[in-house]
Amino acid sequence: MKTVTLPEGEIIAALGQGTWYVGDDPAMREREIEALNHGIDLGMTVIDTAEMYGSGRSETRVGEAIAGRRDEVFLVSKVLPGNASRKGTIAACEASLKRLGTDRIDLYLLHWRGGVPLAETVAAFEALVKEGKIRHWGVSNFDVNDMEELFSVPGGAKVAANQVLYNLTRRGIEWDLADWCASRGIPVMAYSPVEQARLLRHSGLRELAAGLGITAAQLALAWVLRRRDTMAIPKASSSSHVADNAAAAEIILSEDTLQALDRTFAPPRKATPLEML
Ligand SMILES: NC(=O)c1ccc[n+]([C@@H]2O[C@H](COP(=O)([O-])OP(=O)(O)OC[C@H]3O[C@@H](n4cnc5c(N)ncnc54)[C@H](OP(=O)(O)O)[C@@H]3O)[C@@H](O)[C@H]2O)c1
């Protein structure tokens with residue numbers, strides 16, 4: 001399994017598992033728990049959730065899935081911007097811990113920027129680190145200007161990761177944000193790495209993947225993982241999709257394949273605002 005290194009030196013798997021919409025359908029319970037566990041077995045030990053997903057149902061389902069094997073998992077959750085005040089962040093984290101059935105979140109992210117001053121959220125994150133309720137904190141959907149502002153507030157440079165939309169059809173971060181983060185040792189966590197499955201229907205991607213004897217999902221994920229400091233957190237609710245995705249972490253793409261992908265999915269030619277889903 002390819003790994004990335006957090007700024008404080010901790011090494012984690014570069015390919016994890018997303019859980020947006022997981023927990024929404026009671027009939028999917030067994031299948032989702034099995035899929036998440038299969039992913040852990042295959043080394044996809046980073047599990048990403050958020051208080052927003054299903055208003056806590058995703059965290060509850062993740063908690064059920066990892067019960068008994070918490071220590072094998074690097075757990076990521078997120079606070080909503082509307083809750084990200086000094087007191088609100090602490091309360092939101094405690095509620096997430098309860099739903100997750102654990103005493104600590106490994107990486108706690110601000111889901112996106114809202115009206116609360118960054119200094120307040122950072123102070124709350126640092127207090128949670130001191131109390132041992134979170135181990136690292138980070139941000140999500142932060143563009144370069146947001147990261148620069150974050151670095152200007154006390155403790156802001158302790159950010160451990162930035163989770164952003166990144167896949168073959170959303171390459172804007174290659175213009176500046178990806179390098180900004182890489183030069184400071186901050187991993188980028190690519191969300192929606194297969195564009196919520198829409199990318200997998202792209203005929204150009206499918207043809208290239210077939211020529212390589214791999215699936216479209218594997219090609220899309222291996223492409224995201226080609227960057228040293230970049231992780232991917234695909235969501236999959238079946239064990240077969242999970243196994244398909246896990247194999248992507250072993251695939252090294254040739255220069256010819258990377259060039260073919262550049263011809264089909266053009267890299268950015270100018271700065272564009274960070275996109276969000
Ligand atoms: N920070 C943020 O603002 C933010 C925003 C969006 C997402 N996220 C996080 O990132 C995670 C991933 O993003 P996402 O869920 O939006 O989209 P995604 O991972 O790009 O796509 C998920 C979809 O792709 C399908 N899929 C996955 N692997 C497949 C495979 N090997 N073959 C065929 N289909 C496959 C899944 O189907 P099945 O479910 O049927 O397997 C699901 O429909 C989320 O779950 C969430 O944890 C964060």
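Residues numbered from 1 in each chain as written. Predicted model: local features only at pLDDT ≥ 70, side-chain atom pairs only at ≥ 80, totals over all residues. Heavy atoms only, no water.

Participant: Just checking my understanding: could you explain the site of the ligand for this structure?
Facilitator: Near the ligand, the surroundings consist of 28 residues, among which D48, S140, S237, H241 and N245 are the closest. Separating a nitrogen atom of the ligand from a side-chain N or O atom of Y53 is a distance of 3.3 Å. Between S237 and the ligand, the recorded distance is 2.5 Å, taken from a side-chain N or O atom to an oxygen atom. For the ligand, whose unbound accessible area comes to 910 Å², protein coverage reaches 88%. (Near = heavy atom within 4 Å. Polar contact = N/O pair within 3.5 Å; in protein donor to acceptor, adjacent residues only side chain to side chain. Areas by Shrake-Rupley, 256 points an atom, 1.4 Å probe, with all protein chains shown as cover.)

Participant: Even after reading the chapter, I still don't get the packing of helix α2 (residues 57-66) against helix α3 (residues 86-100), so can you show me in this structure?
Facilitator: Helix packing for two helices is described by the angle between their axes and how far apart those axes are. The interhelical angle for the contact between α2 and α3, taken along N-to-C directions, is 45°, at an axis separation of 7 Å. By the angle between their directions, the pair α2 and α3 is classed as oblique. Along its contact with α2, which presents E59, T60, V62 and G63, the element α3 presents S96, R99 and L100. A breakdown of the residues in the contact of α2 with α3 according to their chemical character gives two nonpolar, three polar and two charged. (Axes fitted to C-alpha atoms, helices over the stretch in contact; angles between N-to-C directions. Helix = DSSP H or I, 4+ residues; strand = E, 2+ residues; numbered from the N terminus. Parallel < 35°, antiparallel > 145°, perpendicular 65-115°, else oblique. Contact = heavy atoms within 4.5 Å. Nonpolar A, V, L, I, M, F, W, Y, C, P; charged D, E, K, R; others polar.)

Participant: Can you walk me through the sheet that holds strand β6 (residues 105-110) in this structure?
Facilitator: Strands in a sheet are paired, the pairing made by backbone hydrogen bonds, and the direction either parallel or antiparallel. Across the sheet, which stays open at both edges, the eight strands sit in the order β3-β4-β5-β6-β7-β8-β9-β10 with parallel pairing between neighbours. Edge strands, defined here as strands with exactly one partner in the open sheet, are β3 (17-18) and β10 (230-232). Note: β3 against strand β4 (residues 46-48), two bridges, orientation parallel. The partner of Q17 across the bridge, within β4, is I47. Against the sheet, α3 makes contact with β5 (74-79), β6 and β7 (134-140), and its axis sits at roughly 135° relative to β6, the strand it touches most. (Pairing = 2+ DSSP bridges.)

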